[in-house]
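Structural overview
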Amino acid sequence: MNDYDFMQHALALAKQGCGWTSPNPMVGAVVVKNGQVVGEGWHIYAQKTHAEVMAIATSGQHSQNATLYVTLEPCNHIGRTPPCTQAILNAGIKRVVVAMADPNPHVTGGGIAFLRYHGIDVVVGICEDQAMRLNECFVKYITTNRPFVILKCAATLDGRIATRSGDSKWVTGEPARRIVHETRHAVDAIMVGINTVKQDNPKLTTRLDSEGKDPLRIVLDTHLSIDRSCCMLHQDSNAKTLIFTCEDISESKIKEIECEHVQIIPVHVASDGLLDLNHVMDRLGKMRINSLLVEGGSRVITSCLKTGIVDKIMFFYAPKILGGDGIAMCSGNGVLTMNECQEVYDMQVQQVGVDILVEGYLRQKRCECLQGL
């Protein structure tokens, strides 16, 4: 096995923290000596032991003169836990292989420089792209103070998300819906518009065979017209429900709905009369929401695309044709020419059961935190 193989092992370990580490990144680490793995670890929960420390602890005395593979630059600052760089020195590690530097602009390169200063051989950039993709939500948040936004939609082949009566259960099959619930577990928050709440009365919880966490539920409700009996306001869940509304809603109306598990936040209204999604993203960033899954409906999808807040799409297409005037994926006026369309980059297509999943990114971006290291 070589550096690539051992880093693949570390990345696989890191993925086990999916959904549990936010607002911290997912990190995996492997200690290797004489070509054999002698210790491993991953960041399990936020505020818990870091991956490097866990890997060193499981390797014991074998860490002396060993190589440490870690998916993210070891921290060199005191936060909720002591710096991992000192633990690496104390363990006698002689070589450290890092997939990617820490994208935090305040600490980038500090851990790497510290280790090199103390005579440790440091290699940076092994499986870099995979490491960045794994923590794309953390990278976006730590560099912009805004959440990474995933736009999910399920439609027929002719682009309809519901029939003209509003029936949408179910557009796609069970395997596709399972992926959606896995994504809900992975993200910090999920957002829909008030029309979706009125039409579907969704729970917006995570329902998996294995353990999963519920994301923060967010509703865009300009006029605060939500029905106080809807499921989202009476959910048996550890996650709260957050309602964004316009700033001129009366305090008395807010108090009628707000309770221990429901918070209402007034925000600016944009020129189109809808809530200003840029303001919403700024507020979510201040709440340390790293990632946001948008599940519609059509007006919310359109607003997100027009505002330019979407980073990634997940479009499911079912082998069905509505063949009429059902509810389209997007509503309102679109662009006038094909040249104005938003391009999708790094697109991947896979079959999920009988359905097709199209994933891709609406921005061509690459973290430059590794330059010069």
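Quick caveat, the model's predicted, so the values are computed rather than measured.

A word on the sheet that holds strand β3 (residues 67-70). Spatial ordering of the open sheet is given by β2-β1-β3-β4-β5, a layout of five strands whose pairing is mixed. Edge positions in the sheet fall to β2 (36-42) and β5 (121-124), since each of these pairs with one other strand and no more. For this sheet, the mean inter-axis angle between neighbouring strands, taken without regard to orientation, is 15 degrees. Direction of pairing for strand β1 (residues 28-33) relative to β3: antiparallel, over a ladder of four bridges.

Atomic detail in the predicted coordinates should be set aside for any region of low pLDDT. Per-residue confidence for the protein gives a mean pLDDT of 91, with 96% of residues at or over 70. Note on residues 368-372: pLDDT is under 50 here. Beyond four places in sequence and across chains, it has twelve contacts.

Where burial is concerned, most of strand β8 (residues 189-193) is hidden: five out of the five residues are buried. Residues of β8 alternate between two faces, with Ala189, Met191 and Gly193 on one and Ile190 and Val192 on the opposite face, all of them buried. Relative to strand β9 (residues 216-220), β8 runs parallel, the two sharing five bridges. Opposite Ala189, over in β9, you have Leu216 as the bridge partner. With respect to chirality, the unit in which β8 leads through helix α8 (residues 194-200) into the neighbouring parallel β9 is right-handed. Sheet topology places β8 next to strand β12 (residues 291-294); three bridges connect them, and they run parallel. In the sheet register, Met191 faces β12, and the bridge partner there is Val294.

Now for the environment of Ile218. By the secondary structure assignment, Ile218 is in strand β9. For Ile218, a relative accessible area of 0% corresponds to the buried category. On a C-alpha basis, the gap between Ile218 and Val192 in space is 6.4 Å, while along the polypeptide they are 26 residues apart. Residues in contact with Ile218, not counting those within four places in the same chain, are Ala189, Ile190, Met191, Val192, Leu242, Phe244, Leu284 and Leu292.

What follows concerns the packing of aromatic side chains. Scanning the model with the defined rule gives two aromatic pairs in all. A centroid spacing of 5.2 Å and a plane angle of 40 degrees characterise the contact between Phe6 and Tyr69, whose relative ring orientation is tilted. In this pair, Phe6 sits in helix α1 (residues 3-15) while Tyr69 sits in strand β3, placing the two residues 63 residues apart along the sequence. The exposure class assigned to Phe6 is buried, which follows from its relative accessible area of 3%.

Neither face of β3 is exposed, since Thr67 and Tyr69 on one face and Leu68 and Val70 on the opposite face are all buried. Here four bridges tie β3 to strand β4 (residues 95-98), and the two strands are oriented parallel to one another. Looking at the pairing, Thr67 lines up with Arg95 of β4.

Moving on, we come to the environment of Gly332. With respect to the helices, strands and loops of the structure, Gly332 is situated in the loop between β14 (327-328) and β15 (345-352). For Gly332, a relative accessible area of 70% gives the class exposed. Considered as a pair, Gly332 and Ser298 are 34 residues apart in the sequence and their alpha carbons are 9.0 Å apart.

Two numbers describe how helix α3 (residues 84-91) lies on helix α4 (residues 110-117): the axes approach to 10 Å, and their chain directions differ by 25 degrees. The orientation of α3 with respect to α4, classified from their angle, is roughly parallel. Once α3 is placed against α4, the crossing between them reads as right-handed. Contacts from Thr85, Gln86, Ile88 and Leu89 of α3 reach α4 at Gly111, Phe114 and Leu115.

Conventions we followed
- Residues numbered from 1 in each chain as written.
- Predicted model: local features only at pLDDT ≥ 70, side-chain atom pairs only at ≥ 80, totals over all residues.
- Heavy atoms only, no water.
- Pairing = 2+ DSSP bridges.
- Helix = DSSP H or I, 4+ residues; strand = E, 2+ residues; numbered from the N terminus.
- Axes fitted to C-alpha atoms, helices over the stretch in contact; angles between N-to-C directions.
- pLDDT = per-residue confidence, 0-100.
- Contact = heavy atoms within 4.5 Å.
- Buried < 20%, exposed > 50% of the residue type's maximum accessible area, 1.4 Å probe, protein only.
- Right-handed = clockwise from strand over helix to strand, strands pointing away.
- Phe/Tyr/Trp six-rings, centres within 6.5 Å; stacked < 30°, edge-to-face > 60°.
- Parallel < 35°, antiparallel > 145°, perpendicular 65-115°, else oblique.
- Left-handed = near helix turned anticlockwise from the far one by under 90°.

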